[in-house]
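Spelled out, the chains give:
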Amino acid sequence: MMNYLLITMLFIIAVMLCIVAFIHWRQHRFIQRLTHSLELRLLNQDSFNIDSSSKSLKPLINVLHDLHQSSLFITERDKLTGLANRVGFKRKMLARMPISEGMLVLVDIHQFRFVNDLFGFLFGDKLLKAFAKRIDSLDCKAQFIARMNGNEFLLFYHQPLTIEQLLTIKNDLQRPFEIEQQPISIKMQLGVLSLSEHHADVSLMLRRLDLALKKAKALKRPIAFYDQDDDKAQYRELLIINGLPKGLKQDQLFMVFQPKLDIKSGQCKQVEALIRWQHESLGLISPSEFIPLAEQTGIIDILSPWVLDNVLAQQAKWRNMGIYVNVALNLSSTDLDNPNLAVDVATKLSQYLVPAESITIEITESALMISLEQTIMTLNQLRDIGVKLAIDDFGTGHSSLAYLRHLPVDEVKIDKAFLDEFETSKAAKQIVKTSIDLAKNLGFEVTVEGVESKSVLETLHLFGVDTIQGDYFAKPFTASEFEHIYPQLNYSQLNHPQIKHP
């Protein structure tokens, strides 16, 4: 009997232990599932979902679910407009992947920052709220809308839109607003991505959409569609930007020098230093392509000192060889922001034992107008150390004529664009003559760029131009080519043909 009772008790204890172990296992499994679901939430993936038959844990699950929903609203909503933000858009897209149909439209409010500058940020915020309501009430209703950043809104459509529908959306969105009893008009630009042709992962689709909008801005179009070549163009830009520091180290970049003809003496008294880049895989890259990219990315800060070093080293070598020419070099608008520019130039001149008057620094007219007061201060400092100064591309920067008399410069260079119809249009010829007269009356020397024929040269001579630059006289030379051709440049060129490359 005792043995039977003992066995029964042991059996009951074993069953109870099994029940406890089972409950513990279930609770452990639930905690694992709960942890995994919370981890997914933190990674901004699927929504928070957990199921349990345990009534005691239901309150905890409900609280976590409510907390999750509240967190989603905070992190995935734009506080100002109430629309989804970039995070919310990406999560909605991820939940629908893969997506191979439909269309993404990125809407940009053109030059919205001027609204804030003119009317203030509070006014700008009210305009954005009104714009968000309008975009949400379009007749061509989007499946969902997001505010991607300050003035860019994204619309997703399940079905592709026609160009007529896109134009209607654009026109509807840019109807005048009235904010605080102030009528205001805005312009739209649209970047469009067709998902049937260019679907991919969410990040790549967003990048392609940005490229489409970038193309609309660059081409000044109201609407631009992404196409495959846009990726190639961006890849080329990345190769250029990433390759520039390496190119400088590996001597892929080099200087060429274009002689200028002094009209009065008929001799070459100045050359312009021009930068060239022979890329290892892209071939010869124009400075008009890589200089703007260098300015946009800040790489110009390593490029400009390299140019100055190369020009001064070459100038020192030429002077030792008995070649005495003034060398002009270009500076960017970012160089003019450097308060120590004049000190840096003076230090380099002293290092290479080159007199300051043998150097001319050219600044584009558009760069002058970015920050005129600061620019004039910098130009005065450069002039104080003896460097000559010139305004490049004169006539293309839309500067006020009232400012010209305040600029401490020695020379203006009339842009070659003014010679496009010089020989066929009396109006074009008169514009050039008037520009020359204006500059001369203000005390500047005048150079005309882009001279490619003897007849243009002779007319400019009659107009009183001091110097010409262009292929008719001489194309750009490498330093060694210029040394070889220099003796031929120093006699009257008005009755002689173009100087050829050696």
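As a reminder, the structure under discussion sits directly above these lines.
Calculation rules
Residues numbered from 1 in each chain as written. Predicted model: local features only at pLDDT ≥ 70, side-chain atom pairs only at ≥ 80, totals over all residues. Heavy atoms only, no water. Buried < 20%, exposed > 50% of the residue type's maximum accessible area, 1.4 Å probe, protein only. Helix = DSSP H or I, 4+ residues; strand = E, 2+ residues; numbered from the N terminus. Pairing = 2+ DSSP bridges. Right-handed = clockwise from strand over helix to strand, strands pointing away. Arc of directions from axis to C-beta. Polar contact = N/O pair within 3.5 Å; in protein donor to acceptor, adjacent residues only side chain to side chain. Axes fitted to C-alpha atoms, helices over the stretch in contact; angles between N-to-C directions. Contact = heavy atoms within 4.5 Å. Parallel < 35°, antiparallel > 145°, perpendicular 65-115°, else oblique. Left-handed = near helix turned anticlockwise from the far one by under 90°. Nonpolar A, V, L, I, M, F, W, Y, C, P; charged D, E, K, R; others polar. Salt bridge = Lys/Arg side-chain N within 4 Å of Asp/Glu carboxyl O. Lys, Arg positive; Asp, Glu negative; His and termini not counted.

Glancing now at the pairing of strand β15 (residues 445–449). When you tally the buried positions in β15, you get four out of five residues, the bulk of the element. Bridge analysis of strand β14 (residues 411–414) against β15 gives four bridges, and the strand direction is parallel. If you follow E411 over to β15, its bridge partner there is E445. In this fold, the crossover linking β14 to β15 by way of helix α16 (residues 426–441) has right-handed handedness. Two elements, β15 and strand β16 (residues 467–469), share three bridges in a ladder whose sense is parallel. For V448, the partnering residue across the bridge sits in β16 and is I468. Taken together, β15, helix α17 (residues 454–463) and β16 form a β-α-β motif whose crossover is right-handed.

It is worth spelling out helix α3 (residues 86–96) at this point. One full turn of an α-helix is made of 3.6 residues, so residues set three or four places apart face in the same direction. Of all the positions in α3, only G88, F89 and M93 are classed as buried. With its buried residues spanning 130 degrees around the axis, α3 presents them on a single face. Structural note: α3 exposes L94 and A95 on the side pointing more than 90 degrees away from its buried face. Capping of α3 at its N-terminal end is provided by N85; its side-chain oxygen lies 3.1 Å from the backbone amide nitrogen of V87.

Here the focus is the sheet that holds strand β2 (residues 144–149). With respect to topology, five strands assemble into an open sheet ordered β2-β3-β1-β6-β7, the strand pairing being mixed. On the outer flanks of this sheet lie β2 and β7 (223–225), each paired with one strand and no other. Looking at each pair of strands side by side, their axes are set apart by 20 degrees on average, direction ignored. With five bridges connecting them, β2 and strand β3 (residues 152–157) associate as antiparallel partners. What sits directly across from I145, in β3, is L155. Lying on the sheet, helix α5 (residues 121–136) is in contact with β1 (103–109), β2, β3 and β6 (188–194); it crosses β3 at an angle near 10 degrees.

Closest axis-to-axis distance for the helix α12 (residues 341–352)/helix α14 (residues 372–384) pair is 8 Å, and the angle between their directions is 25 degrees. Classed by the angle they form, the pair α12 and α14 counts as roughly parallel. Along this stretch, α12 crosses α14, giving a crossing that reads as right-handed. Residue-level inspection shows L341, A342 and V345 of α12 in contact with α14, the latter providing T378, Q381 and L382. Of the residues belonging to the contact of α12 with α14, the class tally is four nonpolar, two polar and no charged.

For the rest of this paragraph, the subject is the pattern of salt bridges. Using the criterion set out here, one finds 18 salt bridges in the structure. Between E180 and K126 there is a salt bridge, with its nearest N and O atoms 2.7 Å apart. Taken as a pair, E180 in the loop between β4 (177–179) and β5 (182–184) and K126 in helix α5 lie far apart in primary sequence, 54 residues in all. Here E180 falls in the partly exposed class, since its relative accessible area comes to 47%. If you follow the salt bridges from partner to partner, you end up with K260, E272, E362, K413 and E449 in one network.

With respect to the helices, strands and loops of the structure, D335 is situated in the loop between β11 (326–331) and α12. For the buried D335, which has no salt bridge, the nearest side chain bearing the opposite charge is K348, at an N-O separation of 12 Å. At 2.8 Å, the side chain of D335 forms a polar contact with the side chain of S304. The residues touching D335, leaving out its near neighbours within four places in the chain, are S304 and L341.

Nothing here speaks to function; it is geometry throughout.
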